[in-house]
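An overview of the molecular structure
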Amino acid sequence: MPQVRADDVNLYYEAVGEGEPLVLVHGSWNDHKSWQPAIEADLRASFTVITYDRRGHGRSETAPGQGTRRQDEDDLATLIEQLGPAPAHVAGNSFGTSIVLGLAARRPELFRSITVHEPPLIGVVADDPDSMAQLQPTMTSFDAVMDHLRNAENEQGARLFVEEVAMGPGMWDQLPAALRETFVTNAQTWLDEQTDPTWAVLDLDGLSACTVPVLLSRGSASPTWFSTVLERLAMAMPQAQRQTFEGAGHIPHVTHPQEYAAVLTRFIRAAGPDAPSPGQ
């Protein structure tokens, strides 16, 4: 089983395809398999695609004690360095995007390009009354999910998250059984992520030192507060491009894999292997 040792845990990874290295960072509740639709759509034909299970997910190990997003950032740095693709093209989804941006603010030299979809960086919009008002129902649902998980009611918490936060009413029963099982298995890791006081904040000043090509994307069906987050990121990274996936929501690589793969491939090819790294 391919693994990378990152500080105190072993991380499971897979590498497929040929070409420039592209590292994909999954969001909460799932694992590396969530990227499979986009990989099969086109990505493996254009890149050496590296996916991995973040600590506490899938086949990767879990460390005891309170985890932090910074640990996930350091894990990503280790993966890039040990597998030898640095600087690499890196794409993230949801909480995986927060990890990518957090690392980019500290280690911009590791990135050739960055693609991020809907980072849940609530701290970035904490001073925006409209965004916080729109977020209130979501935060109420978060609290209810966390109550379930603290009582080891993992399936109830996962169902509530899917139906009130991520996908909408009735969607839990429409998910494949294997995906529901993955959500339940990773439920306690999500609780650990939410307990980290730094999970939703970002060093925007540090991020401004990252000058590589950046693509910021959202789904047209997603809450508008994600747009405000992306606007704040664009202010810190004026070189960033914007993309909206029409009809998509929070996981376009799953729901619209052909379009997602095409957009990502075009963006990376435009960035090119000779795109300047930070400090050049």
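For the structure, see preceding data.
What comes next is a walk through the structure.

This paragraph deals with the environment of aspartate 72. Assignment of secondary structure puts aspartate 72 in helix 2 (residues 69-83). Once the C-alpha coordinates of aspartate 72 and arginine 54 are considered, the two residues, 18 residues apart in sequence, prove to be 7.0 Å apart. In contact with aspartate 72, other than residues within four places in its own chain, are Arg54, Arg55, Phe95 and Ile99.

Applying the stated criterion across every chain yields a total of 16 salt bridges. For the salt bridge of aspartate 8 with arginine 55, the shortest nitrogen-to-oxygen distance reads 2.9 Å. Remark: arginine 55 occurs in the loop between strand 4 (47-52) and helix 2 and aspartate 8 occurs in the loop between strand 1 (3-6) and strand 2 (9-17); sequence separation between them is 47 residues. Salt-bridge contacts for aspartate 127 lead to arginine 232; the nearest nitrogen and oxygen are separated by 2.9 Å. On the criterion of sequence distance, the pair formed by aspartate 127 in the loop between strand 6 (111-117) and helix 4 (129-150) and arginine 232 in helix 9 (residues 225-236) is long-range, its members being 105 residues apart. Arginine 232 gets classed as partly exposed once you look at its relative accessible area, which sits at 22%. Here the residues in one salt-bridge network are Arg69, Glu73, Asp74 and Arg106, joined through shared partners.

Further remarks concern the side chain of aspartate 31. Within the fold, aspartate 31 resides in the loop between strand 3 (20-25) and helix 1 (36-46). With relative accessibility at 5%, the residue aspartate 31 sits in the buried group. Looking at aspartate 31, its side chain comes within polar contact range of the side chain of lysine 33, at 2.8 Å. Contacts of aspartate 31, omitting those with residues within four sequence positions, involve His26, Asp53, Gly58, Thr182 and Asn186.

With that settled, the discussion passes to the side chain of threonine 182. Within the secondary structure layout, threonine 182 lies in helix 6 (residues 177-185). Overall, the relative accessible area of 14% leaves threonine 182 in the buried class.

Calculation rules
- Residues numbered from 1 in each chain as written.
- Predicted model: local features only at pLDDT ≥ 70, side-chain atom pairs only at ≥ 80, totals over all residues.
- Heavy atoms only, no water.
- Helix = DSSP H or I, 4+ residues; strand = E, 2+ residues; numbered from the N terminus.
- Contact = heavy atoms within 4.5 Å.
- Salt bridge = Lys/Arg side-chain N within 4 Å of Asp/Glu carboxyl O.
- Buried < 20%, exposed > 50% of the residue type's maximum accessible area, 1.4 Å probe, protein only.
- Polar contact = N/O pair within 3.5 Å; in protein donor to acceptor, adjacent residues only side chain to side chain.

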